[in-house]
Amino acid sequence: QWSATETKAVVSTQSTGPGGVPKLSRSAVYKKRALYKRAKVQTKPSVEPAATHKTKQVQGEKNGGTREVPLQRQPRFYPTEDTKKPLNNRRKVKPTKLRSSISPGTVLILLGGAHRGKRVVCLKQLPSGLLLVTGPYKINGVPLRRVDQAYVIATSTKVELPALPDSLTDGLFKRKPKPTKNEKEMFVENTAEDPKISAEKIALQKEVDALVVPAVKSVDMLQSYLRSRFTLTKGQFPHEMKF
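The text that follows walks through the structure, step by step, so that each part is easy to find. Every value quoted in this text rests on a predicted model; they were computed, and no experiment measured them.

1. Details of the overall build of the protein chain
Moving on, step 1. Across its full length, the protein chain holds 4 helices and 7 strands.
Moving on, step 2. In summary, the protein chain has a C-alpha radius of gyration of 40 Å against a globular reference of 18 Å for 243 residues, an excess of more than 25%.
Moving on, step 3. Overall size of the protein chain, expressed as C-alpha extent along the three principal axes, is 110 × 85 × 45 Å.
Moving on, step 4. Counting over 243 residues, the protein chain shows a buried share of 21%.
Moving on, step 5. Across the protein chain, every contact between residues at least 6 apart in sequence was considered, and the portion connecting residues at least 24 apart equals 55%.
Moving on, step 6. If you sum the accessible surface of the protein chain, you get close to 21500 Å²; carbon and sulfur atoms cover 52% of it.

Next up, the structure:
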């Protein structure tokens, strides 16, 4: 407590100590200036509303002379329910980039599907981005198939392939849509036969095998290499191997 004879030192809100450091903190200055008593008044910027109507001169003595007409005419018909409007998508479909270790003629190891563990020959990359591979079928039973490059291991073994038929496209693997059933047909037993491989596919497979098999036989031990399955035993790690 201060005595009657003593006077309290008044510290200015702008006084500083040595080094230019202010003596009062921000909260002390806020309390000293009594800023909490002042009402905060925010002035919003004045924005003029956009005009939605325009004045049009109307002929005739009894028509009032002018009429307010909307600038944007409303549609005559509109949907009874609100429909969601799709957002604009600026993405462009880019072609799938092929791994540098894969090229036509490279021997690959399948990691998924019914033929996983088998070695196949890469024929080419299709426009869909998938790889077109074959066993060949005459050697290890792998027919013409499409495989994602994420599910294969590329090896350093390569085969020089001749020119392949132009009919090897994505349309070769397009399936026919299944026929829809009516209410009466839902309870009838399905007597339809299992889908069979078309004669065109069989002929195309034989044509591709006739081109690929001689190229495989020209490399020593490659035929037996393609027939063997890829397996790992205890202590073997794929990331430490060179294929």
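This is not the end of the story, as more comes after the structure.
2. Side note on the side chain of Asn-140
Moving on, step 1. Among the secondary structure elements, Asn-140 is positioned in helix H2 (residues 137–140).
Moving on, step 2. There is a polar contact of 3.5 Å between the side chain of Asn-140 and the backbone oxygen of Gly-135.
Moving on, step 3. Once residues lying within four places of it in the same chain are set aside, the contact partners of Asn-140 are Lys-118, Arg-119, Gly-135, Leu-226 and Arg-227.

3. Observations regarding unusual backbone geometry
Moving on, step 1. With an omega of 0 degrees, the peptide bond between Gly-135 and Pro-136 qualifies as cis.
Moving on, step 2. Along the chain, Pro-136 turns up in the loop between strand S5 (131–134) and H2.
Moving on, step 3. For Ala-34, which is not glycine, the phi torsion reads 55 degrees and is therefore positive.
Moving on, step 4. As for its placement among the helices and strands, Ala-34 is situated in the loop between helix H1 (26–32) and strand S1 (53–57).
Moving on, step 5. In the Ramachandran plot, Met-221 falls in the positive-phi region, its phi being about 65 degrees despite a non-glycine side chain.
Moving on, step 6. One can find Met-221 in the loop between helix H3 (199–217) and helix H4 (222–227).

4. Observations concerning H3
Moving on, step 1. With 19 residues, H3 extends 27 Å from end C-alpha to end C-alpha; this agrees with the ideal 27 Å at 1.5 Å per step.
Moving on, step 2. Of all the bends in H3, the largest measures some 25 degrees and sits at Ala-210, one to four residues before the proline Pro-214.
Moving on, step 3. Here the buried face of H3 lies against strand S4 (119–125), S5, H2 and H4.

5. Quick word on the nonpolar core
Moving on, step 1. Judged by nonpolar contacts, the single largest core of 18 residues is most densely connected at Leu-132, Leu-144 and Leu-226.
Moving on, step 2. Listing elements by their share of this core, those giving two or more residues are S4, H3 and H4.
Moving on, step 3. When residues of this core are assigned to their parent elements, the largest contribution, 6 residues, is made by H3.
Moving on, step 4. Setting aside anything within four residues of it in sequence, one finds Leu-132 in contact with Val-121, Cys-122, Leu-123, Lys-124, Leu-126, Leu-144, Arg-145, Leu-168 and Phe-173.
Moving on, step 5. Core analysis: the second largest hydrophobic core is formed by 11 residues, Ile-102, Leu-108, Val-147 and Val-152 among them.

Conventions used here
Residues numbered from 1 in each chain as written. Predicted model: local features only at pLDDT ≥ 70, side-chain atom pairs only at ≥ 80, totals over all residues. Heavy atoms only, no water. Helix = DSSP H or I, 4+ residues; strand = E, 2+ residues; numbered from the N terminus. Rg over C-alpha atoms; globule rule 2.2 N^0.38 Å. Buried < 20%, exposed > 50% of the residue type's maximum accessible area, 1.4 Å probe, protein only. Contact = heavy atoms within 4.5 Å. Areas by Shrake-Rupley, 256 points an atom, 1.4 Å probe, with all protein chains shown as cover. Polar contact = N/O pair within 3.5 Å; in protein donor to acceptor, adjacent residues only side chain to side chain. Expected span 1.5 Å × (residues − 1). Bend = angle between axes of the 7 residues up to and from the residue. Core = buried A, V, L, I, M, F, W, Y, C linked by side-chain atoms within 4.5 Å.

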